[in-house]
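# Summary of structural features
Here are the chains, one letter per residue:
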Amino acid sequence: MNTGYYKLPLQVESLMNRDDLPKSNLRDSINQYLRLIIISKFGELDSDINFGCKIWEDDFNLGTNHLNYTEELKEHLQQVIEKYEKRLSAIK
């Protein structure tokens, strides 16, 4: 059951040839977008410098308390998912 959600990564060659782009269902589309949020660094998207995940800021910070960092990361992910993935609600 595919809908109007395009599968990532986009097939540029198909786009240039005006072929139909592969599509995915809602669940796969949400999973792809969450992955995109998590693997993106702040500032990587020119149109929205706040898009991304804070994990890349602290990637090599050895002085971070593991328990505090885990809680902070959970809170951050919840906030960023609520902000950017409007197809989800009651995110925990």
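The structure under discussion appears in the preceding block.
Below is a summary of the structure that appears in this document. It should be emphasised that the depicted structure is a prediction, and the values quoted were computed from it without experimental measurement. As a convention, each chain's residues are numbered from 1 in the sequence order in which they are written. A pLDDT threshold of at least 70 governs which residues receive local features in this predicted model, and a stricter bar of 80 or more applies before side-chain atom pairs are shown or counted, although totals over entire chains, interfaces and linings include all residues. The side-chain numbers reported here are obtained from all heavy atoms of the structure, hydrogens and water having been left aside.

### Remarks on helix α2 (residues 26-39)
So the rule is basically this: For helices the rule is a DSSP run of H or I covering at least 4 residues; for strands it is a run of E covering at least 2, with both sets numbered from the N terminus onward. Take the residue count of a helix, subtract one, and multiply by 1.5 Å to get its expected span. Every residue pair with non-hydrogen atoms within 4.5 Å of one another is taken to be in contact. Distance and chemistry together define a polar contact, namely a pair of N or O atoms within 3.5 Å, with one atom able to donate a hydrogen and the other to accept it when in protein, and with adjacent residues in sequence counting only for side-chain atoms on both sides.
Between the first and last C-alpha of α2 there are 20 Å, a value that for 14 residues agrees with the 20 Å anticipated at 1.5 Å per step. Buried residues belonging to α2 abut β1 (5-6), β2 (23-24) and α3 (66-84). Of the residues that open α2, the one with a side-chain oxygen 3.2 Å from the backbone nitrogen of arginine 27 is asparagine 25.

### Some thoughts on the environment of lysine 54
Looking at where lysine 54 falls in the secondary structure, it is placed in the loop between α2 and α3. Distance from lysine 54 to leucine 77, taken between C-alpha atoms, is 8.3 Å for residues 23 residues apart in sequence. Setting aside its immediate chain neighbours within four residues, lysine 54 contacts Phe42, Glu72, Leu73 and His76.

### What to know about a nonpolar patch on the surface
Definition in use: Nonpolar side chains (Val, Leu, Ile, Met, Phe, Trp, Tyr) within 5 Å and like charges within 9 Å form the patches, drawn only from residues with over 30% relative accessible area and no salt bridge. Only the protein chains shown count as cover for residues, with accessible areas throughout obtained via the Shrake-Rupley method and a probe of 1.4 Å. A pair is scored as a salt bridge if a Lys or Arg side-chain nitrogen falls within 4 Å of a carboxyl oxygen belonging to Asp or Glu.
On the surface, Tyr6, Leu8, Leu10, Leu36, Ile38, Ile39 and Trp56 cluster together to form a nonpolar patch covering roughly 600 Å² of accessible area. By residue number, the principal contributor to the nonpolar patch is α2, which donates 3 residues. Here leucine 10 is to be found in the loop between β1 and α1 (12-16).

### Some remarks on the packing of aromatic side chains
Put simply, the rule reads: Any two rings among Phe, Tyr and Trp, with Trp reduced to its six-membered ring, count as a pair given centres within 6.5 Å; such a pair is stacked if its planes are under 30 degrees apart, edge-to-face if over 60, and tilted if neither. Note on classification: 1.4 Å probe, protein chains only; a residue is buried when its accessible area is under 20% of the maximum for its type, exposed when over 50%, partly exposed between these limits.
A full pass over the atoms with the stated rule returns 2 aromatic pairs. Judged by centre distance (5.9 Å) and plane angle (50°), the ring pair of tyrosine 33 and phenylalanine 51 falls under tilted. Of the two residues, tyrosine 33 is situated in helix α2 and phenylalanine 51 in the loop between α2 and α3; the sequence distance between them amounts to 18 residues. By relative accessible area, phenylalanine 51 is classed as buried at 6%. With a centroid separation of 5.0 Å and 80° between ring planes, the pair formed by phenylalanine 51 and tyrosine 84 is classed as edge-to-face. Taken together, the positions of phenylalanine 51 in the loop between α2 and α3 and tyrosine 84 in helix α3 put the pair 33 residues apart, joining distant regions of the chain. A connected cluster of aromatic rings, assembled from ring pairs, spans Tyr33, Phe51 and Tyr84.

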